[in-house]
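# Chain and residue survey
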Amino acid sequence: MTSTGKRASLDKLPAEVASMFDDVAPRYDVVNDILSLGQTRRWRKVVFDAVGAKPGQRVLDLAAGTGTSAEPYADAGIEVVACDFSLGMLRVGKRRRPDIDFVAGDATNLPFADDAFDAATISFGLRNVADPHAALREMLRVTKPGGKLVIAEFSSPVNPLWRTMYLEYLMRALPEVARRASSNPDAYIYLAESIRAWPDQDHLAAWMGGAGWDQVAYRNLSGGIVAVHRATKPGAAPVPSGPDEKIRRAGRAAG
């Protein structure tokens, strides 16, 4: 931590990371749009299409932050639970979208019953989890047999020249842009370092298979800066809920 704000270490202590995200919550979405040159909207659309949820189904959006990644589901009439361990992020999201169910929860110990969701998704949050393997197993537990997992995460550009340019941007330009746009630029130095330290596409695919997910595949976006991984929980496909069936809410809503 420095005098300009809170910064987590790459040890990813949950309380430290949550505190850092609490600190940047008010301007987090705006700064992300600036740093990604507006690409976050396109990436979210790819994730939404990959999940392919329909009205009557239930989606877990993990590491949902202020809920921007959960909004497309709610807008489409799909029941979505936005779960995050940063109470500051959840409060900002709940004020902005009171119609979405925001739940406080740790990705490695989710506050939901087994087989509670038709799909689970996490965007740009898995690398911030202290134990991503445990998070992958937890998402498997709470997803119905036949249900989907979709992960969007920063990855490794496939072209060597593009990879070099991207790493230069991460370690030099991104912190400078963050200093101008964010109240806590130190947090974005951590985020740049966490992206650089994260494994590549094939390693994450192997982790997903090792956690028990089936039919693992991925799609590169923006030359591999981002990869969208998808997988299926082994077992029979879930039976769609009827229109009059009451779906039990799991977990506790964030205040």
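Here is a short report on the structure shown in this document. Note that the structure is predicted; figures quoted are calculated from it, not measured. (Residues numbered from 1 in each chain as written. Predicted model: local features only at pLDDT ≥ 70, side-chain atom pairs only at ≥ 80, totals over all residues. Heavy atoms only, no water.)

### Quick word on unusual backbone geometry
- Phi angles above zero are rare outside glycine, and D115 is one such case at about 55 degrees.
- For D115, the position within the fold is in the loop between strand 3 (101-104) and strand 4 (117-123).
- Even without a glycine there, the phi angle at Q215 is positive, about 55 degrees.
- Inspection of the secondary structure assignment puts Q215 in strand 6 (residues 214-221).
- A relative accessible area of 56% places Q215 in the exposed class. (Helix = DSSP H or I, 4+ residues; strand = E, 2+ residues; numbered from the N terminus. Buried < 20%, exposed > 50% of the residue type's maximum accessible area, 1.4 Å probe, protein only.)

### A word on empty space enclosed by the protein
- Applying the stated rule across the entire model yields 1 cavity of 30 Å³ or more.
- The calculated volume of the largest cavity comes to roughly 50 Å³.
- Lining the largest cavity, in full, are R44, V47, F48, D61, S69, P72, Y73, T121 and S123.
- Put simply, the parts of the chain that give the lining of the largest cavity at least two residues each are helix 3 (39-51), helix 4 (71-75) and strand 4.
- Of the residues contributing to the lining of the largest cavity, the split by class is 4 nonpolar, 3 polar and 2 charged. (1 Å grid on protein atoms, 1.4 Å probe; cavity = no way out; pocket = protein on both sides within 12 Å on 5 of 7 lines; lining within 4 Å. Points joined across faces, edges and corners; volume = space filled by probe spheres on them. Nonpolar A, V, L, I, M, F, W, Y, C, P; charged D, E, K, R; others polar.)

### Some points on the packing of aromatic side chains
- Here the structure, examined in full by the defined rule, presents 6 aromatic pairs.
- Seen from their ring centres, F112 and F117 are 5.1 Å apart, and the 90 degrees between their planes marks the pair as edge-to-face. As far as burial versus exposure is concerned, F112 and F117 are alike and both buried.
- Judged by centre distance (4.8 Å) and plane angle (40 degrees), the rings of F124 and F154 are tilted. On the criterion of sequence distance, the pair formed by F124 in the loop between strand 4 and helix 6 (132-142) and F154 in strand 5 (residues 143-154) is long-range, its members being 30 residues apart.
- The class of F124 is buried, set by a relative accessible area of 17%.
- Take F154: its relative accessible area is 17%, and that puts it in the buried class.
- A network of ring pairs unites the aromatic residues W43, F124 and F154 as a single cluster. (Phe/Tyr/Trp six-rings, centres within 6.5 Å; stacked < 30°, edge-to-face > 60°.)

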